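Coordinate inspection notes
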Amino acid sequence: MLKDITLGQFFPGNSIVHRIDPRFKLILTGLFIAIVFCAKTVAGYALVLGLLLFIVLNSRISPRLIFKSLKAIVVFVVFTAVLNLFFTSSETPWFQWRFITIGPEGVIFAVKMVLRIVFLITGTSMLTYTTSPIMLTDAIEQLFSPLKKLKLPIHELAMMMSIALRFIPTLIEETDKIMSAQRSRGADFDSGNLIRRARSLIPLLIPLFVSAFRRADELATAMESRCYRGGEGRSKYKVMKSAPRDYIALGLFVLVLAAVIVLGYFGIGRFGI
């Protein structure tokens, strides 16, 4: 299961999605989140799905890899669906027992929430899949550079976010190694109920924290040995420049957002059972 988590990983490539300016990718990611939350009808969700498939296919990242990464959130998705299915009030319930109600409204709301979570996880993951951490740091710093006038440490914040994203795959790999080592010594992480499995993971915390602090100290030492003193006066090895494809992608996302809002406002293609 841990090996299926691909959050924060970067997959190098030369697709059109990889070549989009990272600054525009951040803006497009924000627009995509807005599109998902503005979708309220079947037609709106179909537009979101079409846009997401268009992005995935043009990124040339294997759909199998994306489906594999979604396995890590299956429990969360199922839990969310069950909560919305059983605890959404309905005017014409199919089944009702005490505080549990199952009706058409609950089914519709559960489906919408599941689709929304899957769309959000997949869409936002494309940002890190197709953008290197260094370029992502530079993009964040440049987009929020006006806030420097308010004396906010934008470069430091962008660097912290980038390092955090890069540490996610490292910590996952380290956790898998610790689990394999403890399994070889007789530890059991798979049997028993949910509470027992959770308790069996407690011995992993201490070695994992020790490893994380050690890696953080090594990173700090490496940055100091290279005379890193923040972003003031630093030049860029790769200067980001916008291209026509960036503005075309921005226009496409704006059009989809407008279409989703219009569909929701006029109720075209509403959910129904």
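Structure shown above.
As a starting point, this report considers the structure included with it. (Residues numbered from 1 in each chain as written. Predicted model: local features only at pLDDT ≥ 70, side-chain atom pairs only at ≥ 80, totals over all residues. Heavy atoms only, no water.)

**Some details on the nonpolar core**
One recurring pattern in soluble globular proteins is that nonpolar side chains are buried together. Rules: Residues grouped as a nonpolar core are buried Ala, Val, Leu, Ile, Met, Phe, Trp, Tyr and Cys residues, joined through side-chain atoms within 4.5 Å. Accessibility here uses a 1.4 Å probe with only protein chains present; expressed as a share of the type maximum, an area under 20% marks a residue as buried, one over 50% as exposed, and anything in between as partly exposed. What makes two residues a contact is simply this: any of their non-hydrogen atoms within 4.5 Å.
In terms of nonpolar packing, the biggest core is built from 25 residues, with Phe32, Ile35, Val48, Leu51, Phe119, Met126 and Phe253 touching the most fellow members. Residues within four places of Phe253 in sequence aside, it is in contact with Leu28, Leu31, Phe32, Ile35, Leu51 and Ile55. Counting residues in each nonpolar core, the second largest holds eight residues, with Leu26, Met135, Leu136 and Ala139 among its members.

**Things to note about the pattern of salt bridges**
To keep it simple, the criterion reads: By definition here, a salt bridge exists when the distance from a side-chain nitrogen of Lys or Arg to a carboxyl oxygen of Asp or Glu is within 4 Å. Put simply, DSSP H or I for four residues or longer makes a helix, DSSP E for two residues or longer makes a strand, and each gets a number counted from the N terminus.
What the rule picks out here adds up to three salt bridges. The salt bridge partner of Glu173 is Lys177, with a shortest N-O separation of 3.7 Å. Placement of the pair is Glu173 and Lys177 together in helix 8 (residues 154-183), with a separation of four residues, close to one helical turn. Assessed through its relative accessible area of 47%, Glu173 is described here as partly exposed. Judged by its relative accessible area of 48%, Lys177 is partly exposed. In this structure, Glu174 engages Arg215 in a salt bridge whose closest nitrogen and oxygen atoms are separated by 3.1 Å. On the criterion of sequence distance, the pair formed by Glu174 in helix 8 and Arg215 in helix 10 (residues 202-225) is long-range, its members being 41 residues apart. Relative accessible area serves as the criterion here: at 13%, Glu174 is assigned to the buried category.

**Concerning helix 3 (residues 42-59)**
Since the α-helix advances by 3.6 residues per turn, residues separated by three or four positions end up pointing in the same direction. What counts, and what does not: Helices are assigned an expected span. That span is 1.5 Å times one less than the residue count. It is the directions from the helix axis to the C-beta atoms whose arc is reported.
Between the first and last C-alpha of helix 3 there are 26 Å, a value that for 18 residues agrees with the 26 Å anticipated at 1.5 Å per step. Of the positions making up helix 3, those classed as buried are Gly44, Tyr45, Val48, Leu51, Leu52, Ile55, Val56 and Ser59. An end-on view of helix 3 places all buried positions within 130° of arc, on one side of the element. For helix 3, the elements touching its buried residues are helix 1 (16-19), helix 2 (22-38), helix 4 (63-70), helix 6 (104-129) and helix 11 (244-266).

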